[in-house]
Amino acid sequence: MCVFCRIANGEIPAYKIYEDKDFIAFLDISQATIGHTLIVTKEHFDNIFTLNANLAEHMGKLIVQLANHLNSVLKTENINLVNNSGALAGQTINHFHLHLIPRYKNDGITIKFNKNKLSPADFKDLCTKLNLIE
Ligand code: 5GP
Ligand code: ZN
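Every chain's residues receive numbers from 1 upward, in the order its sequence appears when written. As a convention, the first chain written is A and the first ligand written is 1, with the rest following in written order. Local features in this predicted model are restricted to residues whose pLDDT is 70 or higher, and side-chain atom pairs enter the listing and the counts only when it is 80 or higher, whereas totals over whole chains, interfaces and linings include all residues. With hydrogens and water excluded, all non-hydrogen atoms of the structure serve as input to the side-chain values.

Caption draft 1: How the structure looks around the pattern of salt bridges. When a carboxyl oxygen of Asp or Glu is within 4 Å of a side-chain nitrogen of Lys or Arg, the pair counts as a salt bridge. This model, assessed by the stated rule, comprises 5 salt bridges. Among the ionic pairs, lysine 16 bridges to glutamate 19, the shortest N-O distance being 3.3 Å. We classify lysine 16 as partly exposed; its relative accessible area is 39%. Ionic contacts of the salt-bridge type, sharing partners, join the residues Lys16, Glu19 and Lys42 into one network. Relative accessible area decides the class of each residue, using a 1.4 Å probe on protein chains only: under 20% of the type maximum gives buried, over 50% gives exposed, and in between gives partly exposed.

Caption draft 2: A look at the coordination of the zinc ion (ligand 2). Metal donors: N, O and S atoms at distances within 2.8 Å, or within 3.2 Å for Na, K and Ca, with water omitted from the atom set so that some sites may seem incomplete. Protein coordination at the zinc ion (ligand 2): the donors are Cys2 (SG), Cys5 (SG), His44 (ND1) and His95 (ND1), at 2.1 to 2.3 Å from the metal. Any site counts as irregular unless it has four donors with all angles between 85 and 135 degrees, making it tetrahedral, or four or six donors with opposite ones more than 155 degrees apart and the rest between 65 and 115, making it square planar or octahedral. One can describe the site at the zinc ion (ligand 2) as tetrahedral: its 4 donor atoms subtend angles covering 99 to 122° at the metal. Between the donor residues of the zinc ion (ligand 2), the gaps in sequence give the motif C-x2-C-x38-H-x50-H. Given a relative accessible area of 21%, cysteine 2 falls into the partly exposed group.

Caption draft 3: Geometry of the site of ligand 1. For this purpose, a residue is taken to be near a molecule or strand whenever a single non-hydrogen atom of the residue falls within 4 Å of it. Lining the immediate surroundings of ligand 1 are 16 residues, of which Asp28, Asn84, Thr92, His97 and His99 lie closest. Polar contact is defined as a pair of N or O atoms within 3.5 Å, subject to the rule that within protein one atom must be able to donate a hydrogen and the other to accept it, and that residues adjacent in sequence are counted only when both atoms are side-chain atoms. Aspartate 28 is positioned such that a nitrogen or oxygen atom in its side chain is 2.5 Å from an oxygen atom of ligand 1. Histidine 99 has a polar side-chain atom sitting 2.8 Å from an oxygen atom of ligand 1. In the complex, the protein chains occlude 81% of the 520 Å² of accessible area that ligand 1 would expose alone. For the purposes of this entry, the term helix denotes a DSSP run of H or I that reaches at least four residues, the term strand denotes a run of E that reaches at least two, and both are numbered from the N terminus. Among the elements that take part in the shell around ligand 1, helix H1 (residues 3-8) stands out by supplying 3 residues, more than any other. Nonpolar residues are Ala, Val, Leu, Ile, Met, Phe, Trp, Tyr, Cys and Pro. Charged residues are Asp, Glu, Lys and Arg, and all others, Gly as well, are polar. Of the residues belonging to the shell around ligand 1, the class tally is 8 nonpolar, 7 polar and 1 charged. Here the open area of atoms and residues is found with the Shrake-Rupley method and a 1.4 Å probe, where only the protein chains shown may cover a residue.

Caption draft 4: Up close: the nonpolar core. Only buried Ala, Val, Leu, Ile, Met, Phe, Trp, Tyr and Cys residues count toward a nonpolar core, and they belong to the same one when joined by side-chain atoms within 4.5 Å. With 14 residues, the main nonpolar core has Phe23, Ile39, Met59, Leu66 and Leu100 as its most contacted residues. Going through the elements one at a time, strand S2 (23-27), helix H2 (53-74) and strand S5 (97-102) are the ones with two or more residues in this core. No other element matches H2, which puts 6 residues into this core. Note on definitions: a residue-residue contact is assigned when non-hydrogen atoms from the two residues lie within 4.5 Å. In this structure leucine 66 touches Ile17, Tyr18, Ala25, Ile39 and Leu100, once residues within four positions along its chain are discounted.

Caption draft 5: Spotlight on a nonpolar patch on the surface. In this analysis, a patch consists of residues with relative accessible area above 30% that form no salt bridge, clustered at 9 Å for like charges and at 5 Å for the nonpolar side chains Val, Leu, Ile, Met, Phe, Trp and Tyr. Taken together, the side chains of Leu118, Phe123, Leu126 and Leu130 make up a nonpolar region of the molecular surface, amounting to roughly 380 Å² of accessible area. Among the structural elements, leucine 130 can be located in helix H3 (residues 120-130). Assessed through its relative accessible area of 58%, leucine 130 is described here as exposed.

Okay, here's the thing in structure tokens:
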């Protein structure tokens, strides 16, 4: 059984801040910033690709509630929501979880994306390939 399953069933302690029938939220053992929280499904799903869609819908509301709760207590008004799914994406615990990372001035974290350029033709091809609009 994985470490987050063990936390979810109470075998391993965690600094829990929220719990309902489907989710728990607890403080990450490594506080990227003060208040760094993980939202974790009680049921084991490896990552976003196998996450139950109904649970994801329920989680959407929870994300907003917890982000606002962290903000109202910690007064940061800045937050990153991060999910790492798959090893290349940096996932180290293979049980679905979402990081809520409150952000502070000069907190030392940099989240930077490459600024790759594509030609209009390549954008068009990619858009056609990915398009879900009927
Ligand atoms: P990932 O890299 O998979 O997105 O994130 C895993 C996170 O789980 C890391 O930020 C790590 O600090 C946290 N973590 C790993 N083991 C434990 C644990 O036993 N308890 C808590 N609270 N967090 C953990
Ligand atoms: Zn698990």
